[in-house]
Amino acid sequence: MKKRLVVLTMAVLFGLSAVACGSEGGSSSGGSGAGTESASTGSADGGTVANKDKPLVWFNRQPSNSSTGELDMAALSFNEDTYYVGFDANQGAELQGTMVKDYIEANIDKIDRNGDGVIGYVLAIGDIGHNDSIARTRGVRKALGTGVEKDGDIDSEPIGTNTDGSAAAVQDGTLEINGKEYTVRELASQEMKNSAGATWDAATAGNAIGTWSSSFGDQIDIVVSNNDGMGMSMFNAWSKDNKVPTFGYDANNDAVAAIAEGYGGTISQHADVQAYLTLRVLRNALDGVDVDTGIGTADDAGNVLTDDVYVYNEEERSYYALNVAVTAENYQDFTDSTKVYEPVSNQLDESAHPSKKVWLDIYNASDNFLSATYQPLLQNYDDLMNLEIDYIGGDGQTESNITNRLGNPGQYDAFAINMVKTDNAASYTALLNQ
Ligand code: BGC
């Protein structure tokens, strides 16, 4: 009884101090103030701070409407310590499109495999309701001149097959190279979703290239994919043997290594910076310091990022890492995608940044990018930031498979969430609101 009273009093005090801090970046989770000795242990913290006031970061899947792309600001500003960490989807999409176009221009004398005068490509789409996937489809269609406008933007719908060039959602593009005009055609595109509902599905992409190549293989001059997981699956199933350049996104280790064997190129979305930011915004809130600490402003260990690797959009409460193209020219610099980014690789001192417990989920344990690149990076940074993280891997299909495993949020000091569908933020915030 007496203990309960103390806890209640502390809760009131914390409430007051949070109000007093205002928007100064003061954390409502108060890990460092006076009299919080007991609060530095996970469970005591959990008892002191309401779950709805604990630091929360969304990452890789931005809370947004999957049909319109409109940001879900209620989720993005759930509490004063809520942020999103991702990357600049439009800048990356433009880079991917330009990388493919540059490749065609540089290899024009050998690219048209059957000599029909049409440069044909096929496109693997990750998730028609994921804004990163939509941006990449648009970026490629824009650069190659195959996009058509719909509602003021480039249509990003998959077309099925289009070997005769009659599909409505794309058009034949024209590229003028060395004074000669070439037609570019999107021969086929498909959302790579498996029968159980998992998107960005590499195995589905491997099957699709099998089907496409057996019916119109000699027309395929280029393979493009919204990510490396699907791209590598198509490369291994068909394009490597047939010497057809294949382009992906993410710069996963296997894809970067495959550039030496004919994989056309990929885009690094600076996962090393994203993984850092994902944990850093939580660390800062837990320490009750300004959110820019160790990001735009050097921290006590010397960690700092320069503005050529990320941007912060305050209105969207979102950090976006910037992308870099990885091709035959520079891939040697990208061979280890799980290495921490050197400027932010300094260990935080445990006395000033005491150990905290974090719950973190990955929407699909078999997503190549998240499991092969992002999670290993998070695991490298969690030690450096004294965060003890429980990693939960979902099935990529249902939110409940993940939320069922957040039975006791009170055990944790902070949360990092990767949703199955970008529309579903409320499934998580409802749990924290209870
Ligand atoms: C990555 C994909 C990944 C997806 C999952 C994207 O940012 O590029 O590879 O499958 O996120 O949400």
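Since this is a predicted model, take the numbers as computed values, not measurements.

**A closer look at the overall build of the protein**
(1) Moving on: The helix and strand inventory of the protein stands at 13 helices and 17 strands.
(2) Moving on: Buried positions account for 50% of the 434 residues belonging to the protein.
(3) Moving on: Restricting to contacts in the protein with at least 6 residues of sequence separation, those with at least 24 account for 72%.

**A short note on the environment of Asp250**
(1) Moving on: For Asp250, the location among the structural elements is in the loop between β10 (246–247) and α9 (253–258).
(2) Moving on: Since 28 C-beta atoms lie within 10 Å of it, Asp250 is described here as buried.
(3) Moving on: For the pair Asp250 and Ser268, spaced 18 residues apart in the sequence, the C-alpha separation amounts to 5.0 Å.

**Comments concerning the site of the ligand**
(1) Moving on: The full set of residues close to the ligand is Asn60, Arg61, Gly126, Asp132, Trp200, Asn227, Gly229, Tyr249, Asp250, Asp367, Phe369 and Leu370.
(2) Moving on: Here the residues of the shell around the ligand are counted per class, giving four nonpolar, four polar and four charged.
(3) Moving on: Structurally, the shell around the ligand is a two-domain feature, drawing no fewer than three residues from each of domain 1 (4–87 + 271–329 + 337–433) and domain 2 (108–244).

**Brief notes about the nonpolar core**
(1) Moving on: The biggest cluster of nonpolar side chains holds 62 residues, and the ones touching the most others in it are Val57, Leu282 and Val358.
(2) Moving on: If you tally residues by element for this core, the top one is helix α10 (residues 271–287), at 10 residues.
(3) Moving on: Excluding its chain neighbours within four sequence positions, the residues that come into contact with Val57 are Tyr83, Val85, Thr278, Val281, Leu282 and Ala416.

**Some words on the packing of helix α7 (residues 202–216) against helix α8 (residues 228–239)**
(1) Moving on: Interaxial distance between α7 and α8 falls to 8 Å at its minimum, and their mutual angle equals 40°. It follows from the interaxial angle that α7 and α8 lie oblique. Viewed along their axes, α7 and α8 form a crossing whose handedness is right-handed. Every residue of α8 that contacts α7 at Ala202, Ala203, Ala205, Gly206, Ile209, Gly210 and Ser213 is listed here: Gly229, Met230, Ser233, Met234, Ala237 and Trp238.
(2) Moving on: Its residues placed into classes, the contact of α7 with α8 shows eight nonpolar, five polar and no charged.

**Brief notes about the pairing of strand β7 (residues 173–177)**
(1) Moving on: By the bridge criterion, five bridges tie β7 to strand β8 (residues 180–191) in an arrangement that is antiparallel. Bridging from a neighbouring strand, Gly173 pairs with Val184 of β8.
(2) Moving on: Linking β7 back to β8 in an antiparallel pair, the connection comprises two residues, with Asn178 at a positive phi of about 50°.

**What to know about the sheet that holds strand β12 (residues 310–313)**
(1) Moving on: Strand order across the open sheet formed by seven strands is β12-β13-β2-β1-β17-β15-β16, with mixed pairing between neighbours. Every other strand in the sheet has two partners, leaving β12 and β16 (387–393) as the edge strands with one partner each. Strand-to-strand, the axes of this sheet are offset by a mean angle of 20°, without reference to chain direction.
(2) Moving on: Bridge analysis of strand β1 (residues 56–59) against strand β2 (residues 82–87) gives four bridges, and the strand direction is parallel. Considered in β2, the bridge of Val57 is made with Tyr83.

**With respect to the packing of α10 against helix α11 (residues 368–384)**
Relative placement of two packed helices is described by the angle separating their axes and the distance separating the axes.
(1) Moving on: At a minimum axis separation of 9 Å, α10 and α11 run at an interaxial angle of 50°. Classified by the angle their axes make, α10 and α11 are oblique. For the crossing formed where α10 meets α11, the hand is right-handed. Facing Ala271, Asp272, Ala275, Tyr276, Thr278 and Leu279 of α10, the residues of α11 in contact are Thr373, Tyr374, Leu377, Leu378, Tyr381 and Asp382.
(2) Moving on: Of the residues contributing to the contact of α10 with α11, the split by class is eight nonpolar, two polar and two charged.

**Brief notes about unusual backbone geometry**
(1) Moving on: Even without a glycine there, the phi angle at Asp250 is positive, about 125°.
(2) Moving on: Unusually for a residue other than glycine, His270 sits at a positive phi of about 50°.
(3) Moving on: Mapped onto the secondary structure, His270 falls in the loop between β11 (263–268) and α10.

**Some points on helix α6 (residues 131–144)**
(1) Moving on: Helix length check: α6, at 14 residues, gives a terminal C-alpha distance of 20 Å against a target of 20 Å (1.5 Å per residue), a fit within 8%.
(2) Moving on: Counting buried residues in α6 gives 13 out of 14 residues, a clear majority hidden from the surface.
(3) Moving on: Looking at the residues trailing α6, positive phi occurs at Gly145, about 75°.

**Side note on helix α4 (residues 89–106)**
(1) Moving on: Between the first and last C-alpha of α4 there are 26 Å, a value that for 18 residues agrees with the 26 Å anticipated at 1.5 Å per step.
(2) Moving on: When α4 is considered as a whole, its buried residues turn out to be Ala89, Gly92, Ala93, Leu95, Gln96, Gly97, Met99, Val100 and Ile104.

**Focus: the confidence of the model for the protein**
(1) Moving on: Averaged over all residues, the pLDDT of the protein is 91; the fraction at 70 or higher stands at 89%.
(2) Moving on: This model gives residues 1–46 a pLDDT under 50, and the stretch forms 64 contacts once residues within four places in sequence are excluded.

**A short note on the environment of Gln96**
(1) Moving on: Assignment of secondary structure puts Gln96 in helix α4.
(2) Moving on: Note on Gln96: 26 C-beta atoms within 10 Å, which makes it buried.
(3) Moving on: Spatially, the C-alpha atom of Gln96 lies 6.6 Å from that of Val140, the residues being 44 residues apart in sequence.
(4) Moving on: Here Gln96 is in contact with Arg136, Gly139, Val140, Phe247, Tyr249 and Ile267, once residues within four sequence places are set aside.

**Here we look at the pairing of β11**
(1) Moving on: Along β11, six of the six residues are buried, which leaves the element largely enclosed by surrounding structure.
(2) Moving on: In the sheet, β11 pairs with strand β14 (residues 324–326) via three bridges, with the strands oriented antiparallel. Across the sheet, Ser268 pairs through a bridge with Val324, a residue of β14.

**Let's talk about the environment of Arg405**
(1) Moving on: Looking at where Arg405 falls in the secondary structure, it is placed in the loop between α12 (400–403) and β17 (414–417).
(2) Moving on: Sequence separation of Arg405 and Gly393 is 12 residues, and the distance between their C-alpha atoms is 9.8 Å.

How each quantity is defined
- Residues numbered from 1 in each chain as written.
- Predicted model: local features only at pLDDT ≥ 70, side-chain atom pairs only at ≥ 80, totals over all residues.
- Helix = DSSP H or I, 4+ residues; strand = E, 2+ residues; numbered from the N terminus.
- Buried ≥ 20, exposed ≤ 12 C-beta atoms within 10 Å, placed from the backbone.
- Contact = placed C-beta atoms within 7 Å.
- Near = placed C-beta within 6 Å.
- Nonpolar A, V, L, I, M, F, W, Y, C, P; charged D, E, K, R; others polar.
- Domains from an automatic or database assignment.
- Core = buried A, V, L, I, M, F, W, Y, C linked by C-beta atoms within 7 Å.
- Axes fitted to C-alpha atoms, helices over the stretch in contact; angles between N-to-C directions.
- Parallel < 35°, antiparallel > 145°, perpendicular 65-115°, else oblique.
- Left-handed = near helix turned anticlockwise from the far one by under 90°.
- Pairing = 2+ DSSP bridges.
- Expected span 1.5 Å × (residues − 1).
- pLDDT = per-residue confidence, 0-100.

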